Amino acid sequence: MDDTNYEESRRQFLTKLGLTVGAVAVGTAKLSATVINDKMEFPLTSSQQQLMENYEVWMDKFIPAVQAQRKNDEDLIAKVRIMELSREAETWQAELIEFMKDDNFARYYMTATERLTKEVY
């Protein structure tokens, strides 16, 4: 896999996941600027809960892959894994964007995403 294509795909994914979703979250009427750390404060529907459970499992795979790639930029296994996980995330992107219209979900998602941000960036 070409490093340029990998980096571009990675950037596109992170942009879609972070900035697009972040823009939707910020655009919701009642979303405050402060993310509260306790996800339990934000009740979710069963569909939303299922997506978040899948997202947490996905983060458990994504974070180590990104960390491995950061430690060794030549780690092809990590690069391939990041690409696979990026494609996986694209499959639930539309559902995530729809759920982000719900303030409770948006807050829950942003709280859950703090872990990804802290461990990867």
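This is a predicted model, so every value here is computed, not measured.

About the cut-offs
- Residues numbered from 1 in each chain as written.
- Predicted model: local features only at pLDDT ≥ 70, side-chain atom pairs only at ≥ 80, totals over all residues.
- Heavy atoms only, no water.
- Axes fitted to C-alpha atoms, helices over the stretch in contact; angles between N-to-C directions.
- Helix = DSSP H or I, 4+ residues; strand = E, 2+ residues; numbered from the N terminus.
- Left-handed = near helix turned anticlockwise from the far one by under 90°.
- Contact = heavy atoms within 4.5 Å.
- Nonpolar A, V, L, I, M, F, W, Y, C, P; charged D, E, K, R; others polar.
- Phe/Tyr/Trp six-rings, centres within 6.5 Å; stacked < 30°, edge-to-face > 60°.
- Buried < 20%, exposed > 50% of the residue type's maximum accessible area, 1.4 Å probe, protein only.
- Parallel < 35°, antiparallel > 145°, perpendicular 65-115°, else oblique.
- Salt bridge = Lys/Arg side-chain N within 4 Å of Asp/Glu carboxyl O.
- Core = buried A, V, L, I, M, F, W, Y, C linked by side-chain atoms within 4.5 Å.

Draft legend 1. Structural context of the packing of helix α2 (residues 46-71) against helix α3 (residues 76-91). Viewed as axis vectors pointing N to C, α2 and α3 meet at an angle of 145 degrees, and their least axial separation amounts to 9 Å. Read as a crossing pair, α2 and α3 show a hand that is left-handed. Contact residues: Trp58, Lys61, Phe62, Ala65, Val66, Ala68 and Gln69 in α2; Ala78, Lys79, Arg81, Ile82, Leu85, Ser86, Glu88 and Ala89 in α3. Of the residues contributing to the contact of α2 with α3, the split by class is 9 nonpolar, 2 polar and 4 charged.

Draft legend 2. Region of interest: the packing of aromatic side chains. All told, the structure shown has 7 aromatic pairs when counted by the stated rule. With centroids separated by 5.7 Å and ring planes inclined at 85 degrees, the aromatic side chains of Trp58 and Trp92 adopt a geometry described as edge-to-face. You can see Trp58 sitting in helix α2 and its partner Trp92 sitting in the loop between α3 and α4 (93-99), a full 34 residues away along the chain. The same class applies to Trp58 and to Trp92, which are both buried. Ring pairs connect the aromatic residues Tyr55, Trp58, Phe62, Trp92, Phe99, Phe105 and Tyr109, which therefore count as one cluster.

Draft legend 3. Representation of the packing of α2 against helix α5 (residues 103-120) in the model. Where α2 meets α5, the axes come as close as 9 Å, and the angle between the chain directions of the two elements is 15 degrees. Compared by their axis directions, α2 and α5 come out roughly parallel. Between α2 and α5 the crossing geometry is right-handed. Within the contact of α2 with α5, the residues separate by chemical class into 13 nonpolar, 4 polar and 5 charged.

Draft legend 4. Local environment of the pattern of salt bridges. Under the counting rule described, the total for this entry stands at 5 salt bridges. Two residues, Glu56 and Arg115, come together in a salt bridge whose shortest N-O distance is 3.2 Å. In this pair, Glu56 is assigned in helix α2 and Arg115 in helix α5, connecting sequence segments 59 residues apart. Among the residues examined, Glu56 registers a relative accessible area of 18% and is labelled buried.

Draft legend 5. Representation of the nonpolar core. Within the largest apolar cluster, 25 residues are counted, with the highest numbers of intra-cluster contacts made by Met52, Tyr55, Trp58 and Phe105. Listed by contribution, the elements that provide at least two residues to this core are α2, α3, α4 and α5. Sequence-distant contacts of Met52, defined by excluding residues within four places in its chain, comprise Leu44, Phe105, Tyr108, Tyr109 and Ala112.

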